[in-house]
Amino acid sequence: MRIAGTATLHAPVEAVYAALQDPRVLVRTIPGCERLEQLGEDAYAMTVTAGVASVRGTYAGDVRLTDHQAPNAFRLRANGSGTPGTVAADVTVNLSPGDNGTTVITYDADAVVGGMIGGVGQRLLTTVAKRTAGEFFGAVEEVLTSGGVAAAEGEAGALLPGGADEVGAADRAGAGGAGPRVYSAPAHPRAAFPGGDFAAGVAFGAAAALLGALVGGYLARRASRSS
Amino acid sequence: MSEPLHETRLVVNGVPRTVAVPARRLLSDCLRHDLGLTGTHVGCEHGVCGACTVLVDGRPMRSCLLFAVGVDGAEITTVEGCRSPGGGLGPVQQAFQDCHGLQCGFCTPGFVTTITAWLRDHPDPSEEQARQAIGGNLCRCTGYQNIVASVLRAAELLRNQEEAAR
Amino acid sequence: MTTRTVGEPIARREDPRLVTGEGRYLDDLGGGALAAAFVRSPHAAARVVDVDVSGALEVEGLVAVYTYEDLEGPMAEPLPLLIPHPSLHAGRTAYPLANGVVRHVGEPVAMVVARDRYLAEDACERIAVTYEPLRPVVGLDAAVAAERTVHDDVPDNVAAHMVQEHGDARGAVAAAPHRLKLDFTVERSASMPLEGRGVYARWDAADRSLRVYSSTQTSTSVRFALAARLGVPVDRVEVVAPDVGGGFGVKIMHPWPEEVLVAWAAIRLGQEVKWTEDRREHFVASAHERGQRHHVSVGFDDEGRLLGLAVEFVHDNGAYTPYGIIVPIITATQLLGPYKPGAYRAEFRSLYTNTVIVTPYRGAGRPQAAFVMERTLDAIAAYLGRGRAEVRETNFIQPHEMPYDHHLTFQDGRPLIYDSGDYPATLDKVKKLVGWDEFGAFRAEAHRDGRRVGIGLACYVEGTGVGPYEGAHVRVETNGTVVVATGLTTQGQGHETAFAQVAAETLGVPVERVTVVTGDTRRFKYAVGTFASRAAVMSGNAVALAAGKVRAKALRIAAEALEADPDDLEVAGGTVRVKGAPDREIALETVAVLANPLRYAFDEQTKLATQFAVGRGVDAPPVADDDEPGLEATDWYSPVRSTFANGAHAVVVETDPETAEVRILRYCVVHDCGRLINPRIVEGQVHGGVAQGVGGALYERMVYDENGQLLNASFMDFLMPYASEVPKVETGHLETLSPLNPLGIKGAGEAGTIPAAAALAAAISDAEGLFVDTMPISPSELWALRERHARKEDR
């Protein structure tokens, strides 16, 4: 199935482009994403938990970013499989400057969905996909406009005392080249946010990079409101 | 968005049952699906056909027009509870078989409960009275003639039972 | 000594479980299944612009939402056109889910699957469909005028145009001494069984097999349809009709969109899915019947003998024609009734309207036909000043003229030839039953009391036992029980009893030992279905033939065991005996054991069998070339033509001078359906048919407004008779055996419905001194008719 759409972010093109390539951003903003593990240049193994309505579960898969034409275009391919089914997605992403220093993102995704989750009906899938794509971009914008990754990491640390050290340690370990880098989403209570779960929607492997439900971003916003 | 459940106690056919149901759960659906008593049938869900009739504290009522929570604490008799104490056919049920008072059987449970209650107050009815007794239940198969006969036969069986008991 | 059960009014075997609430109807099954519900069009005609499902996501327990875009392959094609016909030149069927267009209120647009029905309906409510409403075509006038069309590619809204004729009817009418032109209107009604439709599907992924329960009148045909639509091999699909709470024709239509979609969803989701419709859905999404308008030209002589009869009518088939044009074909051919029409011509157009589809309802076109013919004969009688009974007698086909060939083609594609029947005797009997000749005195007395009473009568012929065939399988088990299976279905006709009676009597076993299964493709795969009053004729005979084969085999085996001649043996009470030598006997169950050469004995019975030393010796195989193991047989009954039952109704009514309410004082039925298997069951069928006939004559109609909205889509406003509206029926029987089948049976299922409206209209007309030409007629319509008549504005 085809899913296409646009989003406008209040940040310059270069910043948005960089954010979309940055695993530290992705791990926080992809809906239901729990971890990204670097496999190579622009390639990650990913674990995502998400669902459509009653069809929920955890996917394991990989994401590859290719065809870079910085800062205006790149391609993302993802595969994931899990108890709810399988997803394969091929997404073309274009960025262009909008008015007043904004960035207009257009994405065009070709996705093949199988298994149980493929059985829920096309309109549910596309509806959830589009809705959560919008929420994903909202999360990315949040990260960008609230000071970038470092600030986000700082906030995540504010959520749970142990969190910051884990994340920081992983990065520092990675920087030392002592093994594959692993990026974890900030630990957060998996309470049943009704909106959260449905916002989690359908995650299709790397299509989830664009189509995720908003957990981290939502929490980031919540955290920023409460702090 | 999940509905709160309400603990509801019913005594159904003499057996105390407790269910946790949403407020909007119809008594007909509660009996059929939560309590597994599928003898009560749903023909219209708007209270006209009478197939869903059960006895609530002895009075015939349309279970499709009642909420289960609304009859919390009541004693319910369904068609399954109209058997004889020994487990065989009760007199009204036996009468229906004797008189060919049913064809597809879908409306029958509503007639059985309605007539069971009615005969308590009218032990010796005329044919005219018997026809009026069933005037609020729809049957699409029988043309009612044999159901009227069933009412009279049930009255007869009940009278025989009483005499035998004396 | 044989066990006589055929012809006995024995109590029904199915009753004990049904009266105690232990029946298993569709919604009683599938407790753990997911529930399906449908978003249906609220417009009679519209384009579907968008389906926004986002609201449904808020409903916890939602599993899936499907629209047309989710369908692929055969599922994405229009549903089948079941009965094609050369005259159906513009047949159209619907897609399982609307493909951009909806053509009647109630057409399914989206299917929701959720954890239970309440949640599924919640989700349906939250799905926002954007429609572009179009102006619909409602009613025959609008359809004929064709200012707008129901289907873009059918510019005149005509789906079918058919003419059947024998002789030059128009010429005969023109040349006749007397002529009349008459118009009749029959309104839409519907079967309206107390149990609606339902489907419950189970996909076994390990086995790759599908089992579907459906509240249907034809499980075997649903099986073929599902296999084709879903791409599952036929031998991996089984369809079971459970206990069914009434059908009356509406459940012969198949496959419903819901039938294919629920099964499809079960496969797609790998979970059980169930759907049962609610009453409103049944009103707007199942099927209706009956709406027709007739124009009659009839020519006759001084005695009222028909010389030429030309009938033109229009038939409203609703938005689609999945069942073809069977109903108007039946109207056109059964209009002749028991009469010789001289030259006959029937022409009809079947038209599309933006309303629910039209498929058979008890009578299936015959009530309309009987209404037209019987009212016409009454008009002729009035015109000539002759008796209404005499005019009919003048026109009857006489018994010695049987078989009578009308030179037309019937609904089974075969010649319309009446096989047997004594119409004068039937009329005579009903006249005596109602006191026809003495009515004048009763009328005079009533008149003195200021009461208006009237008497009417109507005769009919009913083609029953239509083919192509039915079959039955009969097996005697090693414990002495007899298991009978036939493929057609049951909706209250007592088949478990009637077919047991046939098997029991044929085999010579007590009827209590016989169990009957119907409508289960796991047990019997080749069948047509239950409709057209055919079950007793078709399966009754098939059971008799199969049981006969079993009996013959039993006698052959018993003869070897008893060292006797098969002709010297008889079977009674489940035991085979040598006639006149009561100590030389063998139980049927033992014969069953012997019928299956065993290597291993598994119980006392099989050990016992060995003492008879039955065998063919060592030179021949234990199972001969032309034989099979087991005391069982399958046989088929396939008739060369339909067999024709007949009857007459006579009715006495009273009309209120002020309120125009109609009260039925007496209702008499005489009918001839050949041999009766169970007279009580047949009588019950007559009673029920009369009730629906009374409903159709006085109460039942579907009311659409100009926007195609069904205004009375509930039992509050669609009036069906209660006990207070249905009279006590007095019945008389005649038995003219059918020469076309071994048991001599003719069908009886629709007998009560067919002439009822005609008889009641006749009685009302007689009471009022005016002419009723519409069906149904309500008190307010009768009142208006009175006014018009008083002003001499009617004919």
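Residues numbered from 1 in each chain as written. Chains lettered and ligands numbered in written order. Predicted model: local features only at pLDDT ≥ 70, side-chain atom pairs only at ≥ 80, totals over all residues. Heavy atoms only, no water.

Student: Go over the environment of Pro108(C) with me, naming the residues and quoting the values.
Tutor: All names here are of chain C. Summarising the element assignment, Pro108 is placed in strand E5 (residues 108-114). In this structure, the C-alpha to C-alpha distance between Pro108 and Glu281, residues 173 residues apart in sequence, is 10.0 Å. Look past the residues within four positions of Pro108 in its chain and what remains in contact with it is Phe38, Val39, Arg40, Pro96, Leu97, Ala98 and Pro257. (Helix = DSSP H or I, 4+ residues; strand = E, 2+ residues; numbered from the N terminus. Contact = heavy atoms within 4.5 Å.)

Student: Can you tell me about the sheet that holds strand E8 (residues 182-184) of chain A, naming the residues and giving the values?
Tutor: As a general point, the strands of a sheet are linked pairwise by backbone hydrogen bonds and lie either parallel or antiparallel. Residues and elements named next belong to chain A. With respect to topology, eight strands assemble into an open sheet ordered E1-E7-E6-E5-E4-E3-E2-E8, the strand pairing being antiparallel. Because the sheet does not close on itself, it has two edges, and the strands there are strand E1 (2-9) and E8. Along the sheet, successive strands turn relative to each other by an average axial angle of 25°, direction set aside. Relative to strand E7 (residues 103-114), strand E6 (residues 85-97) is paired through 12 bridges, and the arrangement is antiparallel. Bridge pairing in E7 links Thr92 to Asp108. Helix-sheet contacts for helix H1 (residues 13-21) involve E1, strand E3 (43-52), strand E4 (55-69), strand E5 (73-82), E6 and E7, and the interaxial angle to E6 is about 160°. Seen against the sheet, helix H3 (residues 122-145) touches E1, E3 and E7 and runs at an angle of roughly 25° to E1. (Pairing = 2+ DSSP bridges. Axes fitted to C-alpha atoms, helices over the stretch in contact; angles between N-to-C directions.)

Student: Can you explain the packing of aromatic side chains? Please cite residues and give values.
Tutor: All names here are of chain C. Throughout the structure, instances matching the rule amount to 23 aromatic pairs over all chains. Each ring, one from Phe184 and one from Phe771, has its centre 6.3 Å from the other, and the planes form 55°; the classification is tilted. One end of the pair, Phe184, is in strand E8 (residues 178-186); the other, Phe771, is in the loop between helix H18 (756-768) and strand E29 (774-775), with 587 residues separating them in the sequence. Residue Phe184 is classed as buried on the basis of its relative accessible area of 1%. Owing to a relative accessible area of 15%, Phe771 belongs among the buried residues under this scheme. The interplanar angle of 90° and the centroid separation of 6.5 Å between the aromatic rings of Tyr418 and Tyr423 together place this pair among those described as edge-to-face. Among the residues examined, Tyr418 registers a relative accessible area of 0% and is labelled buried. Judged by its relative accessible area of 2%, Tyr423 falls in the buried class. Members of the aromatic cluster, connected to one another through ring pairs, are Tyr339, Phe396, Phe410, Tyr418, Tyr423 and Phe644. (Phe/Tyr/Trp six-rings, centres within 6.5 Å; stacked < 30°, edge-to-face > 60°. Buried < 20%, exposed > 50% of the residue type's maximum accessible area, 1.4 Å probe, protein only.)

Student: With reference to specific residues and values, describe the interface of chain A and chain C.
Tutor: Taken together, the contact between chain A and chain C spans 16 residues of the former and 18 residues of the latter. Interface area for chain A against chain C, summed over the two sides, is near 1,500 Å², with a carbon-plus-sulfur share of 55%. Linking Glu69(C) and Arg123(A) is a salt bridge whose minimum nitrogen-to-oxygen distance equals 3.0 Å. Where chain A packs against chain C, one counts nine residue pairs in polar contact (both at pLDDT 80 or more). It is H3(A) that provides the largest number of residues to the side of chain A that touches chain C, a total of six residues. Of the residues that constitute the side of chain A that touches chain C, the class distribution is eight nonpolar, six polar and two charged. (Buried area = accessible area lost by both parts, 1.4 Å probe. Salt bridge = Lys/Arg side-chain N within 4 Å of Asp/Glu carboxyl O. Polar contact = N/O pair within 3.5 Å; in protein donor to acceptor, adjacent residues only side chain to side chain. Nonpolar A, V, L, I, M, F, W, Y, C, P; charged D, E, K, R; others polar.)

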